[in-house]
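# Residue-level structure breakdown
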Amino acid sequence: QKEVEQNSGPLSVPEGAIASLNCTYSDRGSQSFFWYRQYSGKSPELIMFIYSNGDKEDGRFTAQLNKASQYVSLLIRDSQPSDSATYLCAGRGSNYKLTFGKGTLLTVNP
Amino acid sequence: NAGVTQTPKFQVLKTGQSMTLQCAQDMNHNSMYWYRQDPGMGLRLIYYSASEGTTDKGEVPNGYNVSRLNKREFSLRLESAAPSQTSVYFCASSDHAQYSGYRLGTDTQYFGPGTRLTVL
């Protein structure tokens, strides 16, 4: 069973702080990883994708991938109350299907 | 561009009734997917279609059937609804299911707004 595990949270950070979301995966054949944000009652929307080891930055968001440790993370700098949502990590494995983690609920307190 | 659209947005069924959830995308994507999302379970793949004319089972296909009507449309049918099928259903699409040889990011999946289904 190929799995993607996320720290279950909930995670609570003050406004302006860095939020760190983590994810591990079991399928060593996984080739690409995705972070989605899902507001309550809404559908998942893509934040970032990452394919290569290292960091990838997009505005306040940084995704990090370490294939040796089978670890993916998402950092949100200068967190805003509007960042409060559930964050889903997903990996595309050797079978070409996406496997999603169960999500981490993030609350940013004003 | 509407992206991925789903109908209906809400539906209540009685046990044993049948219904079809409709999904359409206008991004000229090759691959389409049906997921269900339940509290504490995350998103689970029901069926997917890597390209027009092909469909394949995902993690939880029992009780469902699918039809890839054309490149744009992918429907999910519940033949005899059961209370265990109460869930939120999301359709998604991507340019390509497979990575090798394609541009980075073309396997990114884009989601529709979802259908909230209750089976009594």
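In what follows, the structure referred to is the one given above.
Residues numbered from 1 in each chain as written. Chains lettered and ligands numbered in written order. Predicted model: local features only at pLDDT ≥ 70, side-chain atom pairs only at ≥ 80, totals over all residues. Heavy atoms only, no water.

Take the packing of aromatic side chains next. Taken as a whole, this structure holds 13 aromatic pairs over all chains when the rule is applied. Ring plane angle 40° and centroid distance 4.5 Å describe the contact between tyrosine 25 of chain A and phenylalanine 33 of chain A, whose orientation is recorded as tilted. The burial state of tyrosine 25 of chain A is the same as that of phenylalanine 33 of chain A; both residues are buried. Put simply, the rings of Phe34, Tyr36, Phe49, Tyr51 and Phe100 of chain A together with Tyr33, Tyr35, Tyr48, Phe90 and Phe111 of chain B pair up and form one aromatic cluster. Over the ring of phenylalanine 49 of chain A we find lysine 56 of chain A; its NZ or CZ atom is 3.8 Å from the centre of that ring. (Phe/Tyr/Trp six-rings, centres within 6.5 Å; stacked < 30°, edge-to-face > 60°. Buried < 20%, exposed > 50% of the residue type's maximum accessible area, 1.4 Å probe, protein only. Lys NZ or Arg CZ within 6 Å of the ring centre and 35° of its normal.)

For the rest of this paragraph, the subject is the pairing of strand β5 (residues 42–49) of chain B. All names here are of chain B. For β5, a buried count of eight out of eight residues is recorded, marking the element as mostly surrounded by other parts of the structure. By the bridge criterion, seven bridges tie strand β4 (residues 31–38) to β5 in an arrangement that is antiparallel. Bridged to arginine 36 within β5 is arginine 44. Linking two consecutive strands that pair antiparallel, namely β4 and β5, is a turn of three residues; a positive phi of about 80° is found at glycine 40 within it. (Helix = DSSP H or I, 4+ residues; strand = E, 2+ residues; numbered from the N terminus. Pairing = 2+ DSSP bridges.)

Once that is clear, we can look at the side chain of glutamine 85 of chain B. Looking at where glutamine 85 of chain B falls in the secondary structure, it is placed in the loop between β8 (74–78) and β9 (87–94). Glutamine 85 of chain B has contacts with Arg36, Asn62, Gly63, Tyr64, Leu78, Ser80, Leu117 and Val119 of chain B, leaving out every residue within four places of it along the chain. (Contact = heavy atoms within 4.5 Å.)

What follows concerns the sheet that holds strand β1 (residues 4–7) of chain B. Residue and element names in this part refer to chain B. Strand order in the open sheet made by the four strands is β1-β3-β8-β7, with antiparallel pairing throughout. This sheet does not close on itself; its edge strands, each paired only once, are β1 and β7 (64–68). Each strand of the sheet is rotated relative to its neighbour by a mean of 20°, with strand direction disregarded. One ladder, built from three bridges, connects strand β3 (residues 19–25) with β8; its direction is antiparallel. By the bridge assignment for β8, methionine 19 is matched with leucine 78. (Axes fitted to C-alpha atoms, helices over the stretch in contact; angles between N-to-C directions.)

Taken together, the 21 residues of chain A in the interface contact 26 residues of chain B. Summed over both sides, the interface between chain A and chain B buries roughly 1,800 Å², with carbon and sulfur atoms accounting for 57% of that surface. Counting across the interface, chain A meets chain B through one salt bridge. Note that arginine 92 of chain A and aspartate 107 of chain B form a salt bridge whose closest N and O atoms lie 2.3 Å from each other. Mapped onto the side of chain A that touches chain B, the elements with two or more residues apiece are β4 (32–38), β5 (45–50), β9 (85–92) and β10 (98–100) of chain A. The element contributing the most residues to the side of chain A that touches chain B is β4 of chain A, with four residues. For the side of chain A that touches chain B, the residue count by class is 10 nonpolar, seven polar and four charged. (Buried area = accessible area lost by both parts, 1.4 Å probe. Salt bridge = Lys/Arg side-chain N within 4 Å of Asp/Glu carboxyl O. Nonpolar A, V, L, I, M, F, W, Y, C, P; charged D, E, K, R; others polar.)

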